[in-house]
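# Observations on chain architecture
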Amino acid sequence: MTKVSMTVNGKPASGEVEGRTLLSSFLREDLGLTGTHVGCDTSQCGACVVHVNGKAVKSCTMLAAEADGAEVSTIEGQAAPDGTLNAIQQAFQDHHGLQCGFCTPGMVMSAAALLKDNPKPTEAEVRAYLEGNICRCTGYHNIVKAIMAASGQDVSAIAAE
Amino acid sequence: MPKDSGIGASPKRREDLRFLTGTGNYTDDINLSGQAYVHFLRSDVAHGKINGIDTAAAAAMPGVIRIFTGADFEGVGSIPCGWQVTDRHGQPMQEPAHPVLAQGKVRYVGDAIAAVVAESREQARDAAEAIELDIEELPAVIDMKEAVKEGAPKVHDDLTSNLCYDWGFVEENKPAVEEAFANAAHVTTLELVNNRLVANPMEPRVAVGDFNRATGESTLYTTSQNPHVIRLLMGAFVLGIPEHKLRVIAPDVGGGFGTKIFHYAEEAFCTFAAKALNRAVKWTSTRSEAFMTDAHGRDHVTKIELALDAENNFTAIRTDTYANMGAYLSTFAPSVPTWLHGTLMAGNYKTPLIYVNVKAVFTNTVPVDAYRGAGRPEATFQLERVIDKAARELGVDPIALRRQNFITEFPYATPVAVEYDTGDYHATMDKLIDVADFAGFKARRAESEKNGKLRGLGVNCYIEACGIAPSNLVGQLGARAGLYESATVRVNATGGLVVMTGSHSHGQGHETSFPQVIADMIGIDESMVEIVHGDTANTPMGMGTYGSRSLAVGGSAMVRATEKIIAKAKKIAAHILEASDADIELKDGQFSVAGTDKSLAWGDVTLAAYVPHNYPLEDMEPGLEETAFYDPANFTYPSGAYACEVEVDPETGKITIERFAAADDFGNIVNPMIVDGQVHGGIGQGIGQALLEGCVYDENGQLLSASYMDYAMPRADDLPFYQVDHSCQTPCTHNPLGVKGCGEAGAIGSPPAVVNAVVDALQSAGKDVTHIDMPLTPNRVWSAMNS
């Protein structure tokens with residue numbers, strides 16, 4: 001067992017982990033941050049995306065030990081302390097960008113990483129960026145629309161609510 | 001002006017707040033005190049005889065609590081099938097036993113042989129690798145037509161063959177159908193495959209079993225679309241636990257699409273083991289395991305023939321289908337290729353004579369059952385493809401051919417046993433032509449051609465039978481369940497309501513849409529209504545969510561219970577206002593006496609129900625809580641017309657979906673935003689089926705497409721924005737809301753539009769391609785173009 005310490009959503013967190021413990025397992029099972037979801041075992045679905053030192057990472061593909069000393073940000077840390085949703089979360093609600101909610105944490109975290117690098121992405125850029133996040137409910141229509149809206153673009157002309 | 005509340009409004013979804021902040025409560029988020037973990041050792045051969053299972057070394061591994069094998073389940077019931085189909089000769093289907101853990105033989109890759117329970121997930125997995133298996137591999141049958149040949153290896157030794165049933169529908173029509181074909185002016189024939197799919201909700205299945213020795217109660221937390229059904233099937237048929245000692249909880253569920261309807265062996269195992277070990281036992285499926293154990297969908301091989309007279313009227317349809325059941329009968333598997341498929345073969349058309357033959361076949365593959373649409377996509381695909389082919393053969397416009405044969409008078413009794421209550425197929429087609437901008441297609445095609453691409457436009461119609469289903473009818477058809485829905489409406493003293501429903505929401509947004517209905521009925525704010533679902537301990541017996549039934553059946557139960565509430569509340573109001581019951585009106589949350597200025601607020605009456613000081617106690621009990629069970633009088637029949645525009649790269653065969661439009665008739669609409677979202681998602685899955693998805697077994701029964709590296713899920717960059725319209729509304733005539741259901745339409749209506757569009761594109765370049773089987777991969781399209 002190895003001791004790991006990191007900052008998660010601005011607070012110190014530490015625990016004893018096996019060498020093989022994944023960051024996703026550490027977050028979910030040791031820290032109780034169950035907002036990060038695991039939807040596959042081949043690093044394809046993106047439900048587990050978190051930010052590590054400001055970069056979007058699939059937490060099922062990173063060992064907890066590798067995140068020792070890192071700044072980790074998860075879906076639980078996105079809203080304001082009073083519960084107010086951030087702009088991306090709010091856009092997902094406004095535009096019905098989620099249904100069952102399982103892929104949603106990863107979608108929101110990926111969208112945040114996209115908008116940080118590319119504040120006004122085109123539709124094609126949003127779709128290309130989401131290649132590593134699978135949603136089975138929405139057909140992506142309202143996810144793409146929500147992310148474009150969160151970037152401050154007028155989405156009212158996009159087909160059908 | 002769009003409404004901002006009640007029926008027809010699109011309030012923001014209240015469930016989003018927890019899902020967007022990581023505070024949902026999915027089954028894998030539940031961890032019980034002292035919980036152990038189970039890992040299933042699964043067969044890596046498709047068919048084999050188990051000669052020995054040596055668990056000694058594994059049992060000595062760190063953290064192992066106990067290892068279970070099939071021997072531990074002798075005397076335990078078989079996983080039951082919920083539907084018995086009767087064959088053409090009046091005989092019941094062949095129905096094999098389905099043990100919780102394999103007994104004697106393994107029958108598909110993924111069949112569970114042993115279960116290791118350990119202190120941690122990793123310890124359970126490590127120990128499973130130390131189990132020594134002696135399995136004698138047997139020849140496997142994978143191909144359905146091979147499986148029913150004389151001398152084929154048998155999946156189940158105790159059955160007479162691999163044929164589950166040979167179903168004819170309507171058997172009495174057969175001679176007349178044959179005669180119609182003999183007299184036809186034209187016959188179009190098409191052989192096709194409806195590709196095998198994996199539903200793939202993003203949340204893998206999870207089960208947590210728990211047992212309280214002091215009370216003798218078992219609890220199962222599970223990723224289910226219908227917890228009461230699981231309680232009944234598992235309690236009564238597998239484990240012998242009476243329902244009052246068994247609680248099943250399906251909390252937030254991350255998508256279902258059919259595959260979470262069924263009762264699975266892992267649920268029974270965790271419940272059984274929790275009692276045997278007196279501690280909670282948890283199983284979390286990996287995605288690889290999900291591919292090998294979640295019931296698959298579709299997998300039909302069909303020949304369809306359409307007979308037309310000299311005026312291009314459809315005179316008869318004849319189909320011959322092989323339907324894969326996999327190795328065991330999953331909960332609703334036998335009903336999918338029969339009663340959910342044969343009954344829809346009339347489609348939107350007044351074909352007078354129809355005969356459907358379905359041979360359901362056992363193979364050494366994962367069980368196959370309902371997946372979004374369930375039988376109706378298979379019916380729609382073959383019908384809409386053969387009509388398109390007929391139009392091309394006859395040199396007529398495919399839309400005109402459809403219009404000429406549309407059913408236009410309702411109610412309409414089809415020759416395949418169902419009666420459509422309402423619809424207007426010309427209206428949805430007219431709407432589609434507008435929404436999809438057919439007028440601009442020619443210019444768009446020219447533009448594509450300028451860029452060296454082929455462009456095609458494909459159109460189809462669909463009809464589905466939803467709002468499943470009248471219990472007395474399905475009982476005659478072999479269902480071993482009723483298909484009503486329930487609701488209890490509890491009004492609190494201060495006027496707020498809690499609705500406990502048997503419907504289950506796993507993405508559909510019931511917590512938002514159901515209160516819209518009640519708010520309208522009473523004239524109060526939606527925020528005063530809370531929806532409770534997913535727990536057998538605090539909801540009345542319900543049948544759950546599938547077959548686009550939640551609002552049509554569950555919503556109707558809620559309406560009926562609320563009507564009882566309002567009737568009682570009016571009596572209380574009449575007593576207090578010293579008026580006759582008949583004179584009390586309820587509007588905007590106020591009870592008033594007709595023709596007077598006397599009134600009482602909703603909250604005054606609800607308070608009186610629980611503080612009955614001035615109350616007709618001699619006539620009525622205090623309290624305000626009512627339950628209703630609603631059993632639908634008929635199916636509902638949503639319908640519509642879909643259009644797809646594709647570009648084909650003639651150099652590579654790669655297809656791009658350029659435009660996709662849907663014009664649906666769902667009857668009345670409660671929440672347009674949610675309805676749009678349901679259609680979007682269905683279209684995404686339908687395009688996935690048409691272009692990308694396909695489950696592949698090799699000839700030995702190895703599942704080659706068992707991960708997201710190998711099974712092509714639709715991604716954001718595979719799909720366009722969709723044009724969705726549901727302004728054509730012919731309300732359902734037999735449920736109180738006039739709703740028809742919208743959950744499956746997209747998945748039913750979209751695959752034929754895609755394939756029709758690709759054929760159109762290829763024929764525009766002079767290619768003699770009349771059909772390509774799904775998924776239309778670049779390889780298949782290029783090969784078809786160049787053969």
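As a convention, each chain's residues are numbered from 1 in the sequence order in which they are written. Naming scheme: in the order in which they are written, chains are lettered from A and ligands are numbered from 1. Residues qualify for local features only when their pLDDT is at least 70, as the model is predicted, and side-chain atom pairs are given and counted only at 80 or more; totals for whole chains, interfaces and linings, by contrast, use all residues. Hydrogens are left out, water is left out, and the side-chain values use all remaining heavy atoms of the structure.

Counting from the N terminus, the helices are DSSP H or I runs at least four residues long and the strands are E runs at least two residues long. Per the secondary structure count, chain B includes 19 helices and 28 strands. As defined in this context, the radius of gyration uses C-alpha atoms, and a globule is described by 2.2 Å times the residue total to the power 0.38. For 787 residues, the compact-globule formula gives about 28 Å, and the C-alpha radius of gyration of chain B, at 27 Å, lands near that figure. Principal-axis analysis of the C-alpha atoms places the extent of chain B at approximately 85 × 70 × 55 Å. Relative accessibility decides the category of a residue: with a 1.4 Å probe and only protein chains considered, values under 20% of the type maximum give buried, values over 50% give exposed, and everything between is partly exposed. Across the 787 residues of chain B, 65% fall into the buried class. When checking whether two residues touch, look at their non-hydrogen atoms; a contact exists if any pair is within 4.5 Å. Residue pairs at least 24 apart in sequence account for 80% of intrachain contacts in chain B once pairs closer than 6 positions are excluded.

Okay, the side chain of B:D725 next. All names here are of chain B. Position of D725 among the secondary structure elements: in strand 28 (residues 723–725). Under this rule, positive means Lys or Arg and negative means Asp or Glu; His and the chain ends count for nothing. Between Lys or Arg on one side and Asp or Glu on the other, a salt bridge is scored when a side-chain nitrogen of the former is within 4 Å of a carboxyl oxygen of the latter. For the buried D725, no salt bridge is present, and the opposite-charge side chain at shortest range is K431, 4.4 Å distant. There is a polar contact of 2.7 Å between the side chain of D725 and the side chain of S727. Setting aside its immediate chain neighbours within four residues, D725 contacts K431, V435, A662, A663 and D664. Distance and chemistry together define a polar contact, namely a pair of N or O atoms within 3.5 Å, with one atom able to donate a hydrogen and the other to accept it when in protein, and with adjacent residues in sequence counting only for side-chain atoms on both sides.

In this section: the domain arrangement of chain A. All names here are of chain A. Residue ranges assigned to the domains are those given by an automatic or database domain assignment. Its domain assignment divides chain A into domain 1 (2–77) and domain 2 (87–150). One C-alpha centre belongs to domain 1, the other to domain 2, and the line joining them spans 21 Å. Each side of the interface is counted separately: domain 1 has 17 residues, and domain 2 has 16 residues. The term buried area denotes the loss of accessible surface (1.4 Å probe radius) that occurs when two parts are joined, taken as the sum for both partners. Between domain 1 and domain 2 lies a buried interface of about 1100 Å² when both sides are counted; carbon and sulfur atoms form 62% of it. If you look at where domain 1 meets domain 2, you find zero salt bridges. The interface formed by domain 1 and domain 2 includes seven residue pairs in polar contact (both at pLDDT 80 or more). Broken down by secondary-structure element, the contributors of at least two residues to the side of domain 1 that touches domain 2 are strand 3 (49–52) and strand 4 (55–58). Ranked by the residues each element gives to the side of domain 1 that touches domain 2, the list is headed by strand 3, at three residues.

Let us now look at the nonpolar core. We call a set of buried Ala, Val, Leu, Ile, Met, Phe, Trp, Tyr and Cys residues a nonpolar core when their side-chain atoms join them within 4.5 Å. Within the largest apolar cluster, 188 residues are counted, with the highest numbers of intra-cluster contacts made by A:F92 and B:F660. Ranked by size, the runner-up nonpolar core spans 43 residues in total, among them B:V499, B:I524, B:A557 and B:A608.

The next point concerns the pattern of salt bridges. Within this structure, the stated rule accounts for 49 salt bridges over all chains. Put simply, A:R136 and B:E693 hold a salt bridge, and the shortest N to O gap is 2.8 Å. Of the two residues, A:R136 is situated in the loop between helix 4 (123–129) and helix 5 (141–150) and B:E693 in the loop between helix 17 (672–692) and strand 28; the pairing between them involves two chains. The exposure classification of A:R136 matches that of B:E693, with both residues buried. Ionic pairing is found between B:E563 and B:R560, a salt bridge with its closest N-O pair at 3.2 Å. You can see B:E563 and its partner B:R560 sitting in helix 15 (residues 550–577), three residues apart, about one turn around the helix. Its relative accessible area of 37% is what places B:E563 among the partly exposed residues. With relative accessibility at 33%, the residue B:R560 sits in the partly exposed group. Salt bridges sharing common partners tie together A:R28, A:E29, B:D28, B:D29, B:R121 and B:K282.

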